[in-house]
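Residue-level structural notes
Below, each chain spelled out in residue letters.
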Amino acid sequence: MGEQLVRYGRELQASGAAQVGSSFTGDADADELLASVPEAFLIGVLFTQGIPAERAWAGPWLLLQRLGHLELERLAAERDSVAAAVQQPPMLHRFKNTLPAWISSAARRLIDEYGGDATRIWPADAHVLDVTGRLAAFDGIGRKKAVMAVEILTRHYGVQLRGQECGQVAYDVQVRRVFLRSGLVARDTLEEIERAAARICPEAPGTSDLAAWLIGRETCRPRRPLCDSCRLGTVCPRRIGIDVQGVGARRA
Ligand code: SF4
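Nothing here was measured: the structure is a model prediction, and the numbers come from that model. (Residues numbered from 1 in each chain as written. Predicted model: local features only at pLDDT ≥ 70, side-chain atom pairs only at ≥ 80, totals over all residues. Heavy atoms only, no water.)

All right, on to the site of the ligand then. Taken together, the residues surrounding the ligand are Arg181, Thr219, Cys220, Cys227, Cys230, Gly233, Cys236, Arg238 and Ile240. Of the residues in the shell around the ligand, the class split is five nonpolar, two polar and two charged. (Near = heavy atom within 4 Å. Nonpolar A, V, L, I, M, F, W, Y, C, P; charged D, E, K, R; others polar.)

The following block contains the structure:
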């Protein structure tokens, strides 16, 4: 079971997969902004909660269109403008008050602690655990989104970090459902899922993160899972009567 999941994860790594196929957003301009402006990527991480992934990752681009800039000093100081841009119909996010506050707070932290350069959060050869900790310290990120962001930085953007053996899967509803139904874990706890991810791929536990997330989103749906077309379909015990309890915040 774990072997098949890790193999799929390695395929995704080898292809430099984004999150949904080769794109994060389905829009070339929005993808390019994430790739070329590290601060936009960080803002995108803030968006990745409670809305579909494509919409979340398009958030920085749409915010740029509405504000006309993503200047950190202005994002930090002009909180009302950021909030108005997020809340303008159609709203960019359902967290209409907290997300703008997170964006302004992140801009302030980037200026004060990283000289306005988000890449200083993840300099080449930094350790996975240090980068995860720095990201998790931002308001609105926390451990789950930090783990996801580290995995994307290394898999898709080619950031070279030490300590891949300390990487992890994000404790996300999709990942949790797949780990549970496939029998990789008996109980839905952060500790069990992280232990299982490390057991199936000790050298890089984060390898199965995107693989499990995609399976959870595309085939291992809460209702009517598509087991026969699932990457794990031939080896999975198909415990489809089980689902995560208390969904929690979704990656998207
Ligand atoms: S085979 Fe079915 S139960 Fe198992 S992971 Fe795939 S969709 Fe989920």
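Here helix α7 (residues 98-114) is 17 residues long and its end C-alpha atoms lie 23 Å apart, about the 24 Å a rise of 1.5 Å per residue gives. Just downstream of α7, Gly115 is the residue with a positive phi angle, here 60 degrees. (Helix = DSSP H or I, 4+ residues; strand = E, 2+ residues; numbered from the N terminus. Expected span 1.5 Å × (residues − 1).)

Considered for burial, the residues of helix α2 (residues 28-36) that qualify are Ala30, Asp31, Leu33 and Leu34. Across the axial projection of α2, the buried residues extend over an arc of 155 degrees, all falling on one side. Buried residues along α2 sit in contact with α3 (38-47) and α4 (53-67). Measuring from the backbone nitrogen of Asp29 back to the side-chain oxygen at the start of α2 gives 2.9 Å, which picks out Asp27 as the cap. (Buried < 20%, exposed > 50% of the residue type's maximum accessible area, 1.4 Å probe, protein only. Arc of directions from axis to C-beta. Contact = heavy atoms within 4.5 Å. Polar contact = N/O pair within 3.5 Å; in protein donor to acceptor, adjacent residues only side chain to side chain.)

So, about the side chain of Arg181. Within the fold, Arg181 resides in helix α10 (residues 173-181). No salt bridge forms around the buried Arg181; measuring N to O, its nearest opposite-charge neighbour Asp243 is 4.1 Å away. Side-chain polar atoms of Arg181 contact the backbone oxygen of Arg221, separated by 2.7 Å. What Arg181 contacts, discounting residues up to four positions off in sequence, is Cys220, Arg221, Pro222, Pro225, Cys236, Pro237, Arg238, Arg239, Ile240, Ile242 and Asp243. (Lys, Arg positive; Asp, Glu negative; His and termini not counted. Salt bridge = Lys/Arg side-chain N within 4 Å of Asp/Glu carboxyl O.)

Annotation of the protein chain at the domain level lists domain 1 (2-14 + 165-229) and domain 2 (28-121). The distance between the C-alpha centroids of domain 1 and domain 2 comes to 29 Å. (Domains from an automatic or database assignment.)

Attention now goes to the packing of α3 against α7. Orientation of α3 relative to α7, taken along the N-to-C sense of each, is 145 degrees, at an axis distance of 10 Å. Crossing hand, α3 versus α7: right-handed. Here α3 contributes Glu39, Leu42, Ile43, Leu46 and Phe47 to the contact with α7, which in turn contributes Leu99, Trp102, Ile103, Ala106 and Leu110. Considered class by class, the residues forming the contact of α3 with α7 number nine nonpolar, no polar and one charged. (Axes fitted to C-alpha atoms, helices over the stretch in contact; angles between N-to-C directions. Left-handed = near helix turned anticlockwise from the far one by under 90°.)

Before going further, it helps to spend a moment on the packing of α2 against α4. Running from N to C, α2 and α4 cross one another at 95 degrees; their axes reach a closest spacing of 8 Å. In terms of orientation, α2 and α4 fall into the roughly perpendicular class. Taking contact as the criterion, the partners of Asp29, Ala30, Leu33 and Leu34 in α2 are, on α4, Trp57, Ala58, Pro60, Trp61 and Leu64. When its residues are assigned to classes, the contact of α2 with α4 shows eight nonpolar, no polar and one charged. (Parallel < 35°, antiparallel > 145°, perpendicular 65-115°, else oblique.)

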